[in-house]
Amino acid sequence: MDEIFEKLQAVVDRYDELNELISDPEVIADTKRFMELSKEEGSLRDIVGEFNKYKKITSQLDEDKEMLAEKLDEDMNEMIKSEISDLETQKEALEEKMKIMLLPKDPNDDKNIIMEIHGAAGGDEGSLFAADLYDMYIRYAEKQGWKTSIIDESATEVGGFKEIAIMIQGEKVYSKLKFENGAHRVQRVPSTESAGRIHTSTATVGVMPEAEDVDIDIDPKDIKTDVYRASGAGGQHVNKTSSAVRMTHSPTGIVVAMQDERSQQQNRAKAMQVLKARVFDYYQQQEEDKYDSERKAAVGTGDRSERIRTYNYPQNRVTDHRIGLTLNKLDKVMNGDLDEIIDALIVSDQAKKLEQLKNE
C-alpha cells in the first residue's frame, strides 16, 4: 500500500495546486485554461475525498489500538475490538476502491456519444435487428436519464434500419457505452420465415465520443462541401431546394451526407457534428494502434468487425463473448436492462488493467 499511498499523496498535492490556480485572477481571465484546470480539479475531487476518509479511518484505528493496549475493562475492550473490526473492513474496501480510482482514466469517459448502428449480414432481418438494438439503447438511455436524438437514419421497407446515427447526451455516457463497439449477432426465426427455421443475422454498433473543439481542430480547407437536392420522403420542399449536404474530409477520406433537416444550414451543422466525431475517432484509433499492449488489456479491441455478443431469441439468452457472460433474460435486456452486462464489462476491464499495473 506504500506505493499507492505515494500516488494518492501526489494526487492530493496536485488537487491543492489546482485549487490555488483556479483562484488566480490571471487564470480566471484565461477562459480556456480555467475550464481545463477546473475539469482536472473536478476529476480528482472524488479520489481526494476517499483518501481523506481513508486517513481518518487509519487515524481512528491507531487510536483504538492504543486504547486496547491500555487494558481497560472487559466491556470497553469488546466495544473497541468491534470498532476495530468495522474500521478494518472499511479500510480494506477503501483501499480496493482507491486502487481502481488510480487506474489511468479514459479522457473520453465523461463525454456524450454519437452511436451508429448498421444492419449488416442478413438482409431485411439484419436491418430489423438494427432497429431492435436502437430500441434497446434508447430504453437504456431513458433509464439512465440521458437525452437522445436522431442525427441521421436510413430506413428499410420492412421497418428496420440500413443505418441510424443517434446522439446520446448525459452523465458519463461514453464510460458506459464504449464497450458496445462491435458486431452484434442475433439468432431467431424471422417473421418472414414460414418454415420456422432459425436464422443468424448481424448488426454493427459504432460508439464515438462527441468531439469538442478542444479535442480536434479541423482545418476548413480540408473539408469539401457539396450541396444537392434531397431525395426520398420530405414532400415538395425537400426536393425543390438544395438542402442536402455532403462533407468530405480530404486527409482521411471520411464522408458524411446529411439530408434529414429542412434547411441546408441545419444539415451543415449536423454533418459537421458527425464529421468531427468520425475524424476524432479515426485519429484516436490510429493512436491506439501504437499501443498494442494497452489495447490487449482492454475488453475487446474496439474493432467493429469483432463479434462481441449473441442474442438468442428461442432460448431467451444473451452471451457476451469477451467476458464469457451468459444471461437467460434476453427479453429484459432488449427492454433496456443492460446494467448487469455493462457493469460486468467495466469490472472486467478494471481487473485487467489492475493486473497490467502489477506486471509493469
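Below is a short write-up of the structure. Residue positions are counted from 1 within each chain, in the order its sequence is given. Thresholds applied to this predicted model are a pLDDT of at least 70 for local features of residues and 80 or more for the giving and counting of side-chain atom pairs; totals over whole chains, interfaces and linings are not thresholded and use all residues. Hydrogens and waters are ignored; side-chain quantities use all the structure's heavy atoms.

Quick notes on the sheet that holds strand β8 (residues 254–258)
Okay, step 1: Note on pairing: DSSP must find at least two bridges between two strands before they are called paired. Here a strand is any run of E in DSSP of at least two residues, a helix any run of H or I of at least four, and the numbering for each starts at the N terminus. Strand order in this open sheet of three strands is β6-β7-β8, and the pairing throughout is antiparallel. The open sheet is flanked by β6 (223–228) and β8, the only strands paired with a single partner. Within the sheet, the average angular offset between the axes of one strand and its neighbour, ignoring direction, is 15°.
Okay, step 2: As paired strands, β6 and strand β7 (residues 244–249) are joined by six bridges and run antiparallel to one another. Think of each axis as a best-fit line through the C-alpha atoms, taken over the contacting stretch in the case of a helix, with angles from 0 to 180 degrees between the N-to-C directions.

Notes on the packing of helix α3 (residues 31–69) against helix α4 (residues 74–101)
Okay, step 1: Where α3 meets α4, the axes come as close as 9 Å, and the angle between the chain directions of the two elements is 155°. Taken together, the axis directions place α3 and α4 in an arrangement best described as roughly antiparallel. Of the two possible hands of crossing, α3 and α4 adopt the one that is left-handed.
Okay, step 2: Counted by class, the contact of α3 with α4 contains 13 nonpolar, four polar and 11 charged residues. The scheme is simple: roughly parallel for angles under 35 degrees, roughly antiparallel for over 145, roughly perpendicular for 65 to 115, oblique for anything else. Handedness of a crossing follows from how the near helix is turned relative to the far one, being left-handed for an anticlockwise turn of less than a right angle and right-handed for a clockwise one. In the scheme used here, Gly and all other residues not listed as nonpolar or charged are polar, with Ala, Val, Leu, Ile, Met, Phe, Trp, Tyr, Cys and Pro taken as nonpolar and Asp, Glu, Lys and Arg as charged.

Side note on the packing of aromatic side chains
Okay, step 1: Side-chain rings of Phe, Tyr and Trp (the six-membered ring for Trp) are treated as a pair once their centres are within 6.5 Å; stacked means planes under 30 degrees apart, edge-to-face means over 60, and tilted covers the remaining angles. On inspection of all chains with the given rule, the structure shows four aromatic pairs.
Okay, step 2: On the numbers, 6.5 Å between centres and 15° between planes, the contact of Phe51 with Tyr54 is stacked. Highlighted residues: Phe51 and Tyr54, both in helix α3, separated by three residues, approximately one helical turn.
Okay, step 3: A relative accessible area of 5% means that Tyr54 is categorised as buried. Note on classification: 1.4 Å probe, protein chains only; a residue is buried when its accessible area is under 20% of the maximum for its type, exposed when over 50%, partly exposed between these limits.

Examining the pairing of strand β2 (residues 147–155)
Okay, step 1: Of the strand pairs in this sheet, β2 and strand β3 (residues 161–169) are connected by eight bridges, and their pairing is antiparallel. When the sheet's bridge partners are listed, Asp152 is paired in β3 with Ala165.

By themselves, these figures tell us nothing about what the structure is for.
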